[in-house]
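# Examination of the molecular architecture
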Amino acid sequence: MFLINCPYCGERDQSEFSCGGEAHIVRPKQPTELSDDQWAEYLFMRKNIKGVQFERWNHAHGCRKWFNMVRDTSNDKIHAVYKMGEKPPVE
Amino acid sequence: MTKYRVNKTKHVDQTKTVSFDFDGKSYHGFEGDTLASALLSNGVHLVGRSFKYHRPRGIMSSGSEEPNAICQINEDTDLTEPNVRATEIELYEGLKASSQNCWPSVNFDIGGINNFISPFIPAGFYYKTFMWPKSFWKKIYEPLIRWSAGLGKSPRKPDPELYDHKHVHCDVLIIGGGISGIIASKIAAKNNLKTILIEDKNTLGGSTIFQKNENYKINDKYSGEWIDEEIAELKKLDNLTIKTRTSLAAYHSYNYLLAKENISDHLPLDKRNGGIRQRLWKIRADKVIVATGAIERPLVFNNNDRPGIMLSNSVKKYLDFYGVSCGFKNVIFTNNDSAYETAVSLKEKGISVEMIDIRKKSNSKIVKNAEQLGVKIYWNSTVVNTFGLRKIYSIDIMNLSEDGSNVVGNKIRINCDCLAISGGWTPMVHMHTQSGGKLDFREIDQTFIPNEIDKNHINVGSCNGDFELEEIINNTNKKVKNFLNVSKTQFDNTSVLNSKELDKRNIWLLPNYISEGKCKSFIDFQNDSTAKDIKLALREGFKSIEHVKRYTTTGMATDQGKLSNMHALGIIADTAGVKMGALGTTTFRPPFTPLTFGSIVGRSVGNFFDIIRKTSIHEWHIQNKAKFENVGQWKRPWYYPINDEGLHEAVQRESKAARDSAGILDASTLGKIDIQGTDASEFLNRVYTNAWSKLGIGKCRYGLMLNEDGMVYDDGVTTRLGENHYLMTTTTGGAANVLSKLEDYLQTEWPELDVYLTSVTDHYSTASICGPNSKKILKKIFPDKDFSDDAFPHMSYQNGKIDEINCRIMRISFTGELSYEINIESKYGKSLWEKCIEAGKEFQITPYGTETMHLLRAEKGFIIVGQDTDGTMTPIDLQMDWIVSKKKYDFIGKRSLYRSDTIREDRKQLVGLLTDDPNEVLEEGAQIVSDMTKKPIEMIGHVTSSYFSPNLNKSIALAVVKSGKKMNGQKLIVPMENKNINVTVSDSVFLDKENKRINA
């Protein structure tokens, strides 16, 4: 059970949050210009790596804000949290 | 006092007698006893039968590692509980316990025959034998396995007791109240840290508390006396919460731990007074100090499971803590020095004891001490056999060869009534590994010890591999100081005297003159797996410890292999010729000891199982005998039976009334989202498939929302309340998800939009009145309002007032009838409803529930998202092309509507179905086929909604069918269990295609 440092509320129990999958996948601005393959790449393809991963999280039972998290999926260590729109921290 | 109670101790109050029953026989113990110590004080060793071979088994240990003494307590009451360890249950007046896994009794057990046929039931026997003949499975094998499977009986009635959950935070949590836990707690609490100490027993002090030996002294006091004084001081500290009878169940990441506190389990049943039985503590600790100690290892030799064979340190505990001697002619069989403490203790009390040591010598102080007291020691020897069915009476021993791989010389027979065994110590690393910690293997004493990398927890004491008193005190002090950043403690200059162990020898499987196949050398006592089973598994090709464990079931009993896992690993390593450290261990999973379901569930039972949401009109529905349906967490009226009407009759009546005159529905549960902001119109354009920019203020529009993959996600009517203000409705079940999805897009994809979302579902109650007379009813409620079609057309909204209370009136329809919805602040919902009923009386206004609502909308061919769609339906599949804007550049899911898969013409598409027999109602979910001759028969679709329509006087259904769009008029078949139903594909709108009724 993680202890997550919400960038708006501070440390809260994991049960207050929900995970929204891989971060930094931007919705294409002009979807209609894309080929089926390019659209499928956006729609379906996710990394799911063992190791350091960038994820979207939502403080669903709190401030309801979305933010990003850098988490090592192999040991669940959270390396950083940062607000939407902020640049991901460099390794 | 019984003859086995040889010693007076302060832990057992021998002035307070407690009577209890075991297997129907009455006994006496004292306050402070456990069930196990009380039984032993009455000379009872035999307490159960083993799981597979039904071998007689006795009490083996004095703690949570107990594999044999598991009982059913308070059988035939609501409070009965199986698999309770006799070593852990505190004795109370009137306790009734019985042995498990034996029939008809523990002394004479029919299942004992398994012991004699044991050569034929080796490991994996079940997998190998019950395979053939196939026909035997259902009638013979399965009932047989079911009869013999399982331990104990589960309670038959609902648990009458209360359970509780408690969330706590602390600076430091210390797990284990033994000597190292006490030292750690004292350092933490004295340094202004909010500290919690939990201990699973009812007293602190671990095994030090009953230590009174010249060779083990702290600051010139017996270690037992020293710790007594420490505990007394500890209890005075303000920052410290001490929780006894509290066992740690799980250690999750980020120092989140679960512990179960026993509150009333030790009280007589009549003194529990309906209070809380157990409390589950949910602890978030800044720092955790694990001080869970070590478990003594048994030794693995032939017939090592007889009643009377016990762990050496437990024999000492029963003697020095409970005052009970487990036997009067004791033999101790050991490979290490710690067992000599037991010998010295026995001898000092004048009880006969002899030692068998597999080592060739040991010159430590404690061994010398035993020798000086006249204890006879057989060096370099091993037990090769034991005798005694229900209680051990003698053993055979032999000398070991030089390398320990064989036995030499002649057998010597020794009589005994208790054989204490000690194979060294295993640090309890469960908590460390549960938290994600790794282990290192220490060759010298063959132990896995914690490898600490996590900065927020440490292991101290014997769970960290420090077994000798001096190490424990000094290392614990040093480590805790460092961990808590403390510079000085009272333990800095503690003088410790202890006997040091210098000679070590370990043999995982002791050799025997009897061939291996004929030896019963038990590793897992509860699951009856032997060394032979492990070797068989290896021969059959199992290599991974995880596989061997599952094949032989070693370590899979209720004790989770606390005594057996290390020996299984050791024997695998020896047999396979690999290093034990390289094998690794099996995974330690929570809970450490079994948790009751009650403690896990806490108060979330009955009405508190889940949130129940009721509309403000709920009371009226109850008074009017509504039957309810669960929609998500909501209770919605399903139908309102009159007299003894069933569902069908009520729904037929309600839906007829709604179309003939007037019906009223509580629509308060529909999700409502208030949308405001200068970009609200643009936002709706992006989230719905149709266009919103041109919707006038005061108008309503139906919208369909897709997922990015093009599949229908939700639908509902949205009303424009003002220039920058909309009220969106969603499906009842989808409300929360829709809000989350919209927030997600606003925050992450379109943060530039000026839009604010507020969930207002609970703010408003909604009465929906439909039917040809609805306009007249509305006119009565709002006499000043012009309800003419010109002034108040379909798909528009107006404000209204009832007795000065503002409300919103929408002329929208989900039934295909002329229909109005009145929204009012929730607190006025019931009075609004009653007003509508009153106004509608002259038109026989009929309240209807969700079932009639479903029927009415199906007549009209309106979909229900989640019933007629299942996450694989696009608007095109639903034949709702009209709602998908061709002009809009983009909306959620647009691009997916022309992916190669979504433009396939043979996708399942929504159609109507009419049965050839108009009285035949299809079953929802029934499969649809077109060709019964071609095998395998292709299933081309299924029925999604089906009703008998009283208004059309025939059965109607909606279905999804492959290429259904092109099938209008085509005959299809719905095959059922005992007949095939012929159907014809039709338009999905069955009633009033021209919308005459809505506009009436």
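Preceding this section is the structure that the text describes.
Cut-off values and rules
Residues numbered from 1 in each chain as written. Chains lettered and ligands numbered in written order. Predicted model: local features only at pLDDT ≥ 70, side-chain atom pairs only at ≥ 80, totals over all residues. Heavy atoms only, no water. Helix = DSSP H or I, 4+ residues; strand = E, 2+ residues; numbered from the N terminus. Buried < 20%, exposed > 50% of the residue type's maximum accessible area, 1.4 Å probe, protein only. Contact = heavy atoms within 4.5 Å. Areas by Shrake-Rupley, 256 points an atom, 1.4 Å probe, with all protein chains shown as cover. Lys, Arg positive; Asp, Glu negative; His and termini not counted. Charge placed at Lys NZ, Arg CZ, Asp CG, Glu CD. 1 Å grid on protein atoms, 1.4 Å probe; cavity = no way out; pocket = protein on both sides within 12 Å on 5 of 7 lines; lining within 4 Å. Points joined across faces, edges and corners; volume = space filled by probe spheres on them. Nonpolar A, V, L, I, M, F, W, Y, C, P; charged D, E, K, R; others polar. Expected span 1.5 Å × (residues − 1). Pairing = 2+ DSSP bridges. Axes fitted to C-alpha atoms, helices over the stretch in contact; angles between N-to-C directions. Patch = residues over 30% accessible without salt bridge, like charges linked within 9 Å, V, L, I, M, F, W, Y side chains within 5 Å. Salt bridge = Lys/Arg side-chain N within 4 Å of Asp/Glu carboxyl O.

## Looking at the overall build of chain A
Scanning chain A for helices and strands turns up one helix and six strands. Listing every helix and strand of chain A by position from the N terminus yields β-β-β-α-β-β-β. When the backbone C-alpha atoms are referred to their principal axes, chain A occupies close to 45 × 30 × 25 Å. By residue count, 34% of the 91 residues in chain A fall in the buried class. Considering only intrachain contacts with a sequence separation of at least 6, the fraction spanning at least 24 residues in chain A is 46%. In the structure as shown, chain A presents an accessible area of about 5,300 Å², 49% of it carried by carbon and sulfur atoms. Charge separation in chain A, taken as the distance between the mean sites of 13 positive and 13 negative side-chain charges, equals 5 Å.

## So, empty space enclosed by the protein
If you roll a probe as big as a water molecule over the atoms, it shows you where there is empty space left. All names here are of chain B. Summed over all chains, the structure comprises four cavities of 30 Å³ or more. What the largest cavity holds in volume is close to 140 Å³. Contributing to the lining of the largest cavity are 16 residues, with T426, P427, H430, K562 and M566 lying nearest its centre. Secondary structure elements with two or more residues in the lining of the largest cavity: β25 (425-427) and α14 (565-576). With three residues, α14 is the single largest residue contributor to the lining of the largest cavity. Classifying every residue of the lining of the largest cavity gives eight nonpolar, six polar and two charged. Of the pockets and cavities examined, the second largest cavity occupies roughly 100 Å³. Taken together, 13 residues line the second largest cavity, and the ones lying closest to its centre are R49, S50, P67, N68 and I70. Looking at the lining of the second largest cavity residue by residue, the classes come out as five nonpolar, six polar and two charged.

## What to know about helix α5 (residues 179-190) of chain B
All names here are of chain B. Over its twelve residues, α5 runs 17 Å from end to end, which matches the ideal 16 Å to within 8%, given 1.5 Å per residue. Burial analysis of α5 places eleven of its twelve residues in the buried class, the great majority of the element. Along α5, the positions that sit buried rather than exposed are I179, S180, G181, I182, I183, A184, S185, K186, I187, A188 and A189. Note on α5: the residue one or two positions beyond its end, N192, has a positive phi of about 60 degrees.

## Some thoughts on the sheet that holds strand β18 (residues 329-334) of chain B
Residues and elements named next belong to chain B. Reading across the sheet, the five strands line up as β17-β24-β18-β19-β20 and stay open at both edges, with parallel pairing between neighbours. If you trace the sheet from one side to the other, it starts and ends with β17 (309-311) and β20 (376-378), each paired once. The sheet shows a mean angle of 25 degrees between the axes of neighbouring strands, taken without regard to direction. Relative to strand β24 (residues 418-422), β18 runs parallel, the two sharing five bridges.

## Thoughts on a nonpolar patch on the surface
Residue and element names in this part refer to chain B. Judged by side-chain polarity, F597, I600, V601 and V605 come together as a nonpolar surface patch covering roughly 400 Å² of accessible area. Considering the arrangement of structural elements, one finds V605 in the loop between α16 (597-601) and α17 (618-623). On the accessibility criterion, V605 (47% relative accessible area) is partly exposed.

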